[in-house]
Amino acid sequence: MGYGKGGLYDPSRYYCTLHSGKRVKIMAEPKHLSEISWNDFKKLSLAEKGCFFHGKHTLIAQQFTRDELDALCALATRIKRINKRRDGANFLKGLLRDKRAMLYFAQPSSRTYLSHNAACQILGLDTMDVRDTKTSSEVKGETPEDTIRTFSSYVDMIIMRHPVGGFAERVAWMMSHTKREIPILNAGSGADQHPTQALLDIYTLQRSFEKIGGIDGKHVAFVGDLARGRTVRSLAWMLTLFKDMTLYFIAPESLQIGQDILDLLDEAGTKYVVSEDFAAVMPVADAIYMTRIQDEWDVEGESSTTNAADYHIGAEHMDIIKDTTVILHPLPRRQEISTEIDNDPRAVYWRQMRNGMWIRAALILKTFGRDDEVNTYYDDYKPVS
Ligand code: NCD
């Protein structure tokens, strides 16, 4: 087992240093992407990049602050409650009726695609989609950059999933140099980032721990393919925004979490344990985040030596884990979670999936700057809780 440095929650990491040497607070002084060349932009740290996306694009987990996470979770709950009544649902549907969104999914997706689409429908946005690049002019040799620029002529937001890590950032940078810079939401890029999944995971943890002190101080175990699981990479960082966390990375050596993430945790002062021993961690974990083996990324058969049974949870483990522990999974699952535990109240992955719709609705509304209208409406409203 290896141990991280640990240490105290340090709010100073919300500041970043620009090339000029100037330190800026991410919240107070967002920068515009058109101010920087692509080559200089690529050299920035993730926290520095976050300054340039803030309030416009959602591209990386590192662009969020704790206050923003709390506000988005609260907004998601308000939207969910307002939507329960017909007059409330009609109010929500009117909010973004003047907007259109493009769902550009160049990689397979069920939940992320559907929940973004449903979130748009809740807020009244019309959507269009390209789910297979073979049906767009990319087959005629058009570059992905030109393809995206074409979409931007017809819509007010692009929600995109792409196999190339960093491509969404490139698109956002490119758009900032055009007259029609519209928000880009990264719905999964390569094996690298999945910020909106991390948001829904945070929302699920926050709701699960509402009555037991919130997320602060909890022990969260990540299990399975942590090397290629982009959801884990984004969520692990987001959890550094909470106090006194302990993260456990449980995986075979060939699929263990990247050193880049461990370095970020060290920098943030978040405690972590790197181990192969799932059984030892089960009784102490407050949340267990299972993942599937992502063999589609195999280059040298990295998955083939893995004994899947070592990274599995089933009925035989339910007496070992605590009564308050929650089991999450970004889904799709294979054999890592037995269906026999699906109805255990601690298995929250189906609820987690539905939470994705509410938090994405909150994010889209916030991106268009219309969140205050929901907050005002909610205060005068008799919601169904
Ligand atoms: C994940 C993804 O696509 O990264 N699923 C999701 O978005 N809910 C996880 C996976 O594919 O294993």
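Residues numbered from 1 in each chain as written. Predicted model: local features only at pLDDT ≥ 70, side-chain atom pairs only at ≥ 80, totals over all residues. Heavy atoms only, no water.

The interhelical angle for the contact between helix H3 (residues 66-82) and helix H13 (residues 371-379), taken along N-to-C directions, is 55 degrees, at an axis separation of 10 Å. What the angle tells us is that H3 and H13 run oblique. H3 and H13 meet at a crossing whose hand is left-handed. Every residue of H13 that contacts H3 at Leu75, Arg78, Ile79, Arg81 and Ile82 is listed here: Asp371, Val374, Asn375, Tyr377, Tyr378 and Asp379. By residue class, the composition of the contact of H3 with H13 is 6 nonpolar, 1 polar and 4 charged. (Axes fitted to C-alpha atoms, helices over the stretch in contact; angles between N-to-C directions. Helix = DSSP H or I, 4+ residues; strand = E, 2+ residues; numbered from the N terminus. Parallel < 35°, antiparallel > 145°, perpendicular 65-115°, else oblique. Left-handed = near helix turned anticlockwise from the far one by under 90°. Contact = heavy atoms within 4.5 Å. Nonpolar A, V, L, I, M, F, W, Y, C, P; charged D, E, K, R; others polar.)

Turning our attention to the packing of aromatic side chains. For any pair of aromatic rings, the description rests on two quantities: the centre-to-centre distance and the angle between the ring planes. In this structure the tally under the stated criterion is 12 aromatic pairs. Aromatic side chains Trp38 and Trp173 sit 5.8 Å apart centroid to centroid with 50 degrees between the ring planes, which places their arrangement in the tilted category. With a gap of 135 residues between them, Trp38 in helix H1 (residues 38-42) and Trp173 in helix H7 (residues 167-176) connect regions that are remote in the sequence. A relative accessible area of 16% places Trp38 in the buried class. With relative accessibility at 14%, the residue Trp173 sits in the buried group. Ring centres 6.1 Å apart and planes at 90 degrees place the aromatic pair Phe41 and Phe52 in the edge-to-face group. With a gap of 11 residues between them, Phe41 in helix H1 and Phe52 in helix H2 (residues 46-53) connect regions that are remote in the sequence. Of the aromatic side chains, those joined through ring pairs into one cluster are Trp38, Phe41, Phe52, Phe53 and Trp173. Above the ring of Tyr113, the side-chain terminus of Arg131 is found at 3.8 Å from the ring centroid. In this structure, Lys218 is placed above the aromatic ring of Phe209, and the distance from its NZ or CZ to the ring centre is 5.3 Å. (Phe/Tyr/Trp six-rings, centres within 6.5 Å; stacked < 30°, edge-to-face > 60°. Buried < 20%, exposed > 50% of the residue type's maximum accessible area, 1.4 Å probe, protein only. Lys NZ or Arg CZ within 6 Å of the ring centre and 35° of its normal.)

A separate point is helix H12 (residues 349-367). Each full turn of the α-helix corresponds to 3.6 residues, which orients residues three or four apart in the same direction. Here H12 is 19 residues long and its end C-alpha atoms lie 26 Å apart, about the 27 Å a rise of 1.5 Å per residue gives. The buried fraction of H12 is high, at 14 of 19 residues. (Expected span 1.5 Å × (residues − 1).)

By the element assignment, Ala227 lies in the loop between strand S8 (219-223) and helix H9 (230-238). In this structure the C-alpha to C-alpha distance between Ala227 and Lys271, which are 44 residues apart in sequence, comes to 19 Å.

Quick look at the confidence of the model for the chain now. Summarising the model, the chain shows a mean pLDDT of 89, and 91% of its residues fall at 70 or more. The low-confidence segment residues 1-14, where pLDDT is below 50, has 33 contacts with residues more than four positions distant or belonging to other chains. (pLDDT = per-residue confidence, 0-100.)

A separate point is the pattern of salt bridges. Side chains that carry opposite charge are capable of pairing whenever their charged atoms lie near each other. Inspection of the entire model under this criterion finds 20 salt bridges. For Asp260, the salt bridge is made with Arg233, and the minimal N-O distance between the two is 2.7 Å. A residue pair is termed long-range when its members are at least 10 positions apart, and Asp260 in helix H10 (residues 259-268) and Arg233 in helix H9 qualify at 27 residues. Looking at Asp260, the relative accessible area reads 39%, which means it is partly exposed. A salt bridge links Arg370 to Glu373, with the shortest nitrogen-to-oxygen separation between them at 2.7 Å. Given the relative accessible area of 22%, Arg370 is considered partly exposed. The exposure class assigned to Glu373 is partly exposed, which follows from its relative accessible area of 34%. A single network of salt bridges, built from pairs that share partners, joins Arg66, Asp70 and Asp216. (Salt bridge = Lys/Arg side-chain N within 4 Å of Asp/Glu carboxyl O.)

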